[in-house]
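What the coordinates show
If you want the building blocks of each chain, they are given just below.
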Amino acid sequence: MGDRWLLRGAEVITCDPAQEDLPRGDVLVEDGIIVAMAPELHASDCRVVDLRGKLLLPGLIDAHRHTWQTPLRALGADWTVMDYLAAVRVKLAPAFQPEDVHAANLAGALEALDAGITTLVDYSHCIESPGHADAALTALEDSGIRALFAYGLAAGPRQSTALPTHASRLADAQRLRTTRLASDTGRIRMGIALTEMQVPWEQSRAEILSARELGVPLTAHCSAWPVSGPSEVQRMAAEGLLGPDVLFVHCTFSSDEDLKRIADSGGAIAVTPETELQMGMGFPVTGRALRAGVRTTLGCDVVSSNGGDLFTAMRLALQVERARAHERDGLSRVLALKAARMLSMVTLDAAEALGLGRVTGSLRPGKDADLIVLTGDALNLTPLNRPRDAVVLQAHAGNVESVMVRGRWAKFQGDLVDVDVAAVRRRVVQARDAVLARVGGPSALLGEREALAEHWEMGAAKDA
Ligand SMILES: [Zn+2]
């Protein structure tokens, strides 16, 4: 039969309300499933990994990332959202060929795994042709990560010859759903990523209904700038289109009423603190969303501007929220948002937001073995007081020593497993060179910034 692993002696942080943390515990994994957890287990016919002095946690879940942007790393370090849209969405995205998307998604997914992310929501909105979609998906499969491949229905700035109409894009998504992504139990599942909802509402409605018809979750950027007229959430609510299968992203300008609507529908929000703070998308909605009862998760969004690890995202989201509370209260007497809360946002809450709460997101017998090991003897984690809080406030991606996805080691004792890292690096550098050459080099990236307001109809939504 398959692999049996006894993970011995770790400080186990379960992130599961029904399963207590174990200051020193054993975890038995069989055929990809956690079959037992206890202070001490005795098992034969298994390989034993000594994890004494180390931390064992569920794998982290990145609820929002445009993985295709990996070759553009840090190009947008000083960009606002308008710069970003002009350079990345208008200029660079159409310059990607399928092989570039594959190189990008493979390197990006491996970067995520390396940083302890075992599940990724890939908001894949660089699909110029069916070949682009296939390449993005193949790379996720190749990487070993668990993912929601959210097919991006957004068209590029110029009409694609391969997918010239909205209907053809919907049909291509359906093609994948009926072929490669027909299963709802595979490592890669299908989702739909909506076009920005400031496009005509009829188009957004068609996209939402299409996701429902395909029976897949949907995710959508939402209220990342002030919107005049009815908000996206109001429109969806008015037509009965909200639901637990919707993962909104940002919602920085959502009203408290909209947050309540999302909470009541069972939907979720992905906060991406680093992009929101940098680009001028308003303050992360974390605190308001949690107070409204929304299932709230975190994402890295784009490595074209910022970091690709969730330790940074947890810390930023937490401390910004605390700063805002101090400002509001004139020095809070109690920190209402607790550090450990952030850990559930990148584990169990995120799994539930993706409909995967019974599969991943915490350590409990019966769940898939999606787990990570952090070094316990690093100076930045020594002495290890309050392990959960230390993970949120002290740990970094460099502490991730081993990563298991569905019982298979993706990273083991410091190294990605069965990955030719040099080749992955070579390919993503080639993709960077090819894409930049096609647009006339880095100096040409912001050339169309002025024309942008017209193209994207930013600010006051013109379809309002
Ligand atoms: Zn995004």
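Remember, it's a predicted structure, so these values are computed and weren't measured experimentally. (Residues numbered from 1 in each chain as written. Predicted model: local features only at pLDDT ≥ 70, side-chain atom pairs only at ≥ 80, totals over all residues. Heavy atoms only, no water.)

Structural notes on the overall build of the chain
Tallying secondary structure elements over the chain gives 15 helices and 17 strands in all. In summary, the chain has a C-alpha radius of gyration of 21 Å against a globular reference of 23 Å for 464 residues, a match within 12%. Seen through its principal axes, the chain has C-alpha atoms that stretch 65 × 55 × 45 Å. In the chain, buried positions account for 59% of the 464 residues. For the chain, long-range pairs separated by at least 24 residues make up 75% of all intrachain contacts whose partners lie at least 6 apart in sequence. (Helix = DSSP H or I, 4+ residues; strand = E, 2+ residues; numbered from the N terminus. Rg over C-alpha atoms; globule rule 2.2 N^0.38 Å. Buried < 20%, exposed > 50% of the residue type's maximum accessible area, 1.4 Å probe, protein only. Contact = heavy atoms within 4.5 Å.)

Some thoughts on the side chain of Thr 195
Residue position: Thr 195 is located in the loop between strand E9 (188–193) and helix H5 (201–214). A distance of 3.4 Å separates a polar side-chain atom of Thr 195 from the backbone oxygen of Leu 153. In contact with Thr 195, not counting residues within four places along its chain, are Leu 153, Ala 154, Gln 203 and Glu 207. (Polar contact = N/O pair within 3.5 Å; in protein donor to acceptor, adjacent residues only side chain to side chain.)

Examining the coordination of the zinc ion
Protein coordination at the zinc ion comes from His 64 (NE2), His 66 (NE2), His 221 (NE2) and Asp 301 (OD), with a distance range of 2.0 to 2.6 Å. Geometry at the zinc ion is irregular, judged from its four donor atoms and the angles of 85 to 176 degrees they form at the metal. (Donors = N, O, S within 2.8 Å, 3.2 Å for Na, K, Ca; no water. Tetrahedral: all angles 85-135°; square planar, octahedral: opposite > 155°, others 65-115°.)

Details of helix H14 (residues 421–438)
With 18 residues, H14 should reach 26 Å at 1.5 Å per residue; the first-to-last C-alpha distance of 26 Å fits that figure. Looking only at H14, the buried set comprises Val 424, Val 428, Ala 431, Val 435 and Leu 436. All buried residues of H14 lie within an arc of 120 degrees about the axis, which places them on one face of the element. Residues of H14 that are exposed and angled more than 90 degrees away from the buried face: Arg 426, Gln 430 and Ala 437. Looking at the buried side of H14, the elements it contacts are helix H1 (81–92) and helix H2 (98–114). Downstream of H14 by a residue or two, Gly 440 has a phi angle that is positive, lying close to 90 degrees. (Expected span 1.5 Å × (residues − 1). Arc of directions from axis to C-beta.)

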